[in-house]
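# Summary of the model geometry
This is what each chain is made of:
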Amino acid sequence: MFPRPEHRRRSSGHRAERGGPGSTEGRRNADGQGWNSNGEQRFLPVRAGSLARSRGPDLAALPSDTRTLAGPLEKPAAALSLTMGEEGGGRSCGVPRDLKRLKQQAMAYYQENDVPRRLEELLNTTFYLQPADVYGHLANYFSKLAKPPSICRVVGKIVLDGLGFPTLQVDISCTVQNFPKYICSVVTPVHFEVLENALPDVVDAEEMERALAVSTALQWVNESFTEELWGLVPSNQEEVDHRLRVFFENKVQEDKKRKELERSQEEPVQAPQTVIPPPPPPPPSKKKGQKSGRKDSNLEKPIVPPEPPELVLPGSMAIGAVSLAVAKASASLGNIPLYLSIALLKHGQEQRPTLTMPLLMGSVLSCGKSSPGKLNLLKEVLCIPSPGLTTKQPPITGKMSHLGCLTINYDTIEQPLLLLSGICSNLGLELGVSLHVAINCAGHELMDYNKGKYEVMVGSYKSAAEMLELYLDLLNKYPYVIALMDPFRKEDSEQWDALYSAATSRCYLITGSASRSVSKVLEDRNVTPRSHGLIIKHTNQTTMMDLVEIVRLLDSKKHLAVFGSTDAEASDDSLVDLAVGLGARFIKLGGLSRGERVTKYNRLLAIEEELIQSGTWGFRGEHTFSSFQEDAEKTAEATAAAEALEPLDSMFPTGVTKE
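The structure presented is a predicted model; accordingly, all values stated were derived computationally and were not measured.

For the protein, the helix and strand inventory stands at 20 helices and 17 strands. Relative to its full complement of 659 residues, the protein shows a buried share of 44%. When contacts within the protein are restricted to residue pairs at least 6 apart in sequence, those whose partners lie at least 24 apart make up 70%.

Val 170, Phe 225, Ile 536 and Phe 563 are the most contacted members of the largest nonpolar core, which has 75 residues in total. Take this core: its biggest share by element is 11 residues, from helix α9 (residues 317-333). If we ignore the near neighbours within four places in the chain, the residues touching Phe 563 are Ile 536, Leu 547, Val 551, Leu 575, Leu 578, Ala 579, Leu 582, Ala 584, Phe 586, Ile 587 and Lys 588. Of all hydrophobic cores here, the second largest spans 46 residues; its members include Leu 378, Tyr 410, Met 467 and Ala 502.

Applying the stated criterion across every chain, the model contains zero disulfides. Free cysteine: Cys 507, not disulfide-bonded; nearest cysteine sulfur from Cys 441 at 8.9 Å.

Tracing the sequence through the fold places Leu 578 in helix α17 (residues 574-581). For the pair formed by Leu 578 and Tyr 339, sequence separation is 239 residues and the distance between their alpha carbons is 5.8 Å. Those residues in contact with Leu 578 that lie beyond four places of it in its chain are Leu 324, Ile 342, Met 544, Leu 547 and Phe 563.

A separate point is the sheet that holds strand β2 (residues 166-176). Taken in spatial order, the three strands of this open sheet run β1-β2-β3, and their pairing is antiparallel. Of all the strands in the sheet, just β1 (150-160) and β3 (179-188) have a single pairing partner and so form its edges. Within this sheet the neighbouring strands show an average axis-to-axis angle of 20°, counted without direction. The sheet contact formed by β1 and β2 spans 10 bridges and is antiparallel. Counterpart to Ser 150 in the pairing with β2 is Thr 175.

Along the chain, Thr 528 connects to Pro 529 via a cis peptide bond; the corresponding omega equals -5°. Of note, the phi angle at Gln 130 is positive, near 50°, even though the residue is not glycine. Inspection of the secondary structure assignment puts Gln 130 in the loop between α5 (115-129) and α6 (134-145). For Gln 130, a relative accessible area of 54% gives the class exposed. Positioned with a positive phi, Gln 349 is a non-glycine residue whose angle comes to about 65°. Structurally, Gln 349 is set in the loop between α10 (338-346) and β4 (355-356).

Over its 15 residues, α5 extends 21 Å from the first C-alpha to the last, a length consistent with the 21 Å expected when each residue adds 1.5 Å. Here α5 has its buried residues at Pro 116, Arg 117, Glu 120, Glu 121, Leu 122, Asn 124, Thr 125 and Thr 126. Each element contacted by the buried residues of α5 is listed here: α4 (97-112) and α6. Directly after α5, the chain includes Gln 130, whose backbone phi takes a positive value near 50°.

Moving on, we come to the environment of Ala 211. Along the chain, Ala 211 turns up in helix α7 (residues 200-229). Sequence separation between Ala 211 and Pro 166 is 45 residues; the distance between their C-alpha atoms is 7.3 Å.

Scanning the entire structure with this criterion turns up nine aromatic pairs. On the numbers, 5.6 Å between centres and 85° between planes, the contact of Tyr 141 with Phe 142 is edge-to-face. According to the relative accessible area criterion, Phe 142 is partly exposed, its value standing at 40%. Measuring from centroid to centroid gives 6.3 Å for Phe 488 and Trp 496, while their planes differ by 65°, and the two rings are edge-to-face. One aromatic cluster in this structure is built from Tyr 454, Tyr 471, Phe 488 and Trp 496. The ring of Phe 165 has Arg 210 lying over it, and the distance from NZ or CZ to the ring centre is 4.0 Å. Geometry around Tyr 461 places Lys 451 over its ring, the cationic atom sitting 5.4 Å from the centre.

By the definition in use, this model includes 24 salt bridges. Residue Asp 255 is joined to Arg 258 by a salt bridge in which the shortest nitrogen-to-oxygen separation is 2.6 Å. Placement of the pair is Asp 255 and Arg 258 together in helix α8 (residues 237-266), with a separation of three residues, close to one helical turn. Each of Asp 114, Arg 117, Arg 118 and Glu 121 takes part in one network of salt bridges that share partners.

Turning to the pairing of β2, a few remarks are in order. Taking burial as the measure, the 11 residues of β2 include eight buried ones, the bulk of the element. When β2 meets β3, the two strands line up antiparallel, connected through nine bridges. By the bridge assignment for β3, Cys 174 is matched with Lys 181. Between β2 and β3, which pair antiparallel and follow one another directly, the connecting turn spans two residues, one of which, Gln 177, has a positive phi of 55°.

Okay, the sheet that holds strand β11 (residues 460-462) next. Taken together, the three strands give an open sheet; going across it, the order is β9-β10-β11, and neighbouring strands pair in antiparallel fashion. Only two strands of the sheet have a single partner each, and these edge strands are β9 (447-448) and β11. Packing against the sheet, helix α13 (residues 464-477) makes contact with β10 (453-457) and β11, and its axis sits at approximately 100° to β11.

This paragraph deals with the side chain of Asn 376. Note on placement: Asn 376 falls in the loop between β5 (359-367) and β6 (378-385). Overall, Asn 376 belongs to the buried group, its relative accessible area being 5%. Sequence-distant contacts of Asn 376, that is, excluding residues within four places in its chain, are made with Cys 367, Gly 368, Lys 369, Leu 446, Glu 455, Val 456, Met 457 and Val 458.

With that settled, consider the environment of Phe 563. Summarising the element assignment, Phe 563 is placed in strand β15 (residues 560-564). Residue class for Phe 563 comes out buried when judged on its relative accessible area of 0%. Spatially, the C-alpha atom of Phe 563 lies 6.8 Å from that of Ala 584, the residues being 21 residues apart in sequence.

For the protein, per-residue confidence averages 78 on the pLDDT scale, and 72% of positions sit at 70 or higher. Between residues 392-398, whose pLDDT stays under 50, and residues either more than four places distant or in other chains, the model counts 14 contacts. Across residues 641-659 the pLDDT falls below 50, and counting only partners more than four positions away or on other chains, this stretch makes 45 contacts in the model.

Quick notes on the rules
- Residues numbered from 1 in each chain as written.
- Predicted model: local features only at pLDDT ≥ 70, side-chain atom pairs only at ≥ 80, totals over all residues.
- Heavy atoms only, no water.
- Helix = DSSP H or I, 4+ residues; strand = E, 2+ residues; numbered from the N terminus.
- Buried < 20%, exposed > 50% of the residue type's maximum accessible area, 1.4 Å probe, protein only.
- Contact = heavy atoms within 4.5 Å.
- Core = buried A, V, L, I, M, F, W, Y, C linked by side-chain atoms within 4.5 Å.
- Disulfide = S-S within 2.5 Å.
- Pairing = 2+ DSSP bridges.
- Axes fitted to C-alpha atoms, helices over the stretch in contact; angles between N-to-C directions.
- Expected span 1.5 Å × (residues − 1).
- Phe/Tyr/Trp six-rings, centres within 6.5 Å; stacked < 30°, edge-to-face > 60°.
- Lys NZ or Arg CZ within 6 Å of the ring centre and 35° of its normal.
- Salt bridge = Lys/Arg side-chain N within 4 Å of Asp/Glu carboxyl O.
- pLDDT = per-residue confidence, 0-100.

Structure representation (C-alpha cells):
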C-alpha cells in the first residue's frame, strides 16, 4: 500500500529545510537556477530530453532557441510512477516489495500508453504558447488523445406528433472520456396517412394499429438496442445499420413463424366446395342511333383491382428512428451539421466543394376530396421557386387543411390556377419564370371502384384514358405546371407509360403513394410505375444507408429524388438535413402552418444561409427535360405519344355531369 502523507513527512524530517544545503531546492539554488534571493521560484531551462526517457519528435517544429525549454520537473517518469520519497526511490530500506512491484507496474503502464513522451511534448508546447487558459489548453490537448465516444445507452419514449397522435422519440447517450453523456434525440413520425371523412370503424382500427406500432417500437428500443449497439462508435454508420437490419430480419422471421402457428391452430379442415362459375356478363346495351353490327368504340376495359397494401411490421419505425439518431449523434460529436455528415456518408467521406439546396415545393392551395367545393382533382397545388431564388412563399391565409395549405370552395380546375396566377401577379412574380407549379393529384384517392372511374368532381367521372387526355390538355393550357404527382393509381401502368412519353418534354411525373416502399425499391432495383422522380419518406425500417443507396439508385437511373414529410409530422427537422446532404432535387414540406412545418422551413433557410456564408452554396440548374425526352424517344410509344401533343378540345369539366 502507499505510504501515508504523515509517514512520508516523518521519514524526511531529518532533511534540511527548504532552501537549505541538504534539500533539492538548496542544491538548485546553489547553482543559481531554482530560487532567487527573495525565495521566489522561477522556470528552469533544462534539456527537453531530461523530462522523459523518450524524446518527443514534435519539438522539432519549434524555433531553435526554444527547443531546450523544460519545466521544474527533471524526471516526470519518476513522479508519475507513484512518487515515493526521493526521486527514483533510491533507498531500499523500509520500502516493501509490494510497493516496488506497484511502482514497476505503474512505470510499465505509463510507458505502454506513451504518457512520458506526451507530457514532455505538452509541457514544452504549453510554455512556448503560453495560452491565457492554461488548463483549458491542457484539457483540449488530452481530449484529442481520448478514445472516440461510443454508444452506451439507447432510450425510447412516447411523445405526441403534430396532430396529437403518439409517436416515438429516441435518445442516444455515449461514453465520452469515461463518463456517460446524453448526446441527442430524434422524433420520428408514423407512416399512417390522415384519414379524412372516414368511417368510425376505420378510424378506430387505425388508432389500434398505430398504438401497436408505437408500443412495439418502444419495446424494441428499450429492451434490445442498447445491447445491440453498445460500444459502437456513432460515426460507423454502416455497422450500426447492418446490426439494425439483422435485428429487423430476425423480427420478420419471428413474425412469420408466429402467424404460421396461429394459422395452423385456427384454420379448421373444410371440405372442398364446388366453385360455381360466375354468370356471363350481359351484352352491352345498344346506344340510341347505333347501327347493328357496329362495335361500340367507347367500350371500357375492366379496371385492374387495387394491389394489397404493403405489410408493415409493427415496431419497424424503431429501426429508422435509431439509425437517424445515431447519424445525428455522430454529427453532434464531430461538431458538424447533420447535412454535412450525411453528404460525407453519401460520397465515401469525401468532402464536396459545394452543396446544392433542394428546390422547395410549398403547398398553397387544396381542392381535394376534403375541400368544401365539388372539385376533387387538385389535392395540393404547390409552388416551386425558380432555381437561384431564395426560399420564400406567397403569403396566403384562410382555412387550412391538415397539409398546411388553404382550402378553397371551387368547382372547376381553372379556378384555383387562375387564383394563383392573380396572386403571383399582385406580388410581382411571373408564373413560369419566377415560380412554377406542381400538382398533387392523389389519383388513388379519386378512384370509385363501384363505377371503375376517377371522380375528378362530385358526380363527374372519367376513365383512365379520359384522365390521360385531361392531363395533356392541362399541360397545354397551363405551361407553368411542371410536375404532376400521382396522376393515376399505380395499377394503371399503361396510362403512366403513355403520359410519360407524351409529357416528358415539359413536365415531371413523380410517384408518391403510387410507388412502393424504399426497401421494396432497393430489393427490385427498379422504380415503378414509369416516372421521372420518387418521393422519399423516412419511415419504418428505412436506415441512413438505405437512404444513401436509394439516392444513388435514382442518380444512376437519372431520376429525381424528392424528400417529403409524412402526414403525421413531428417537430424534428432532420428531414431537411437529409435532403441537403443527399443532394435531393426537391423537398416537399407542405404549407406554412403549424410549428412542426415552420421548424423545417426555418431549418431550410438556416442551412441556405450557412452555405452562402461559407462559400459552399452550389447553384441549382434550371429545369431540364432533355435527358428524359431522349429516354422517351427510344421507346416505341414515342410516335403515338407525339400525336397526343396536338391541341385538343377542352377536357376540363366546367359543370357537374351525372352518370
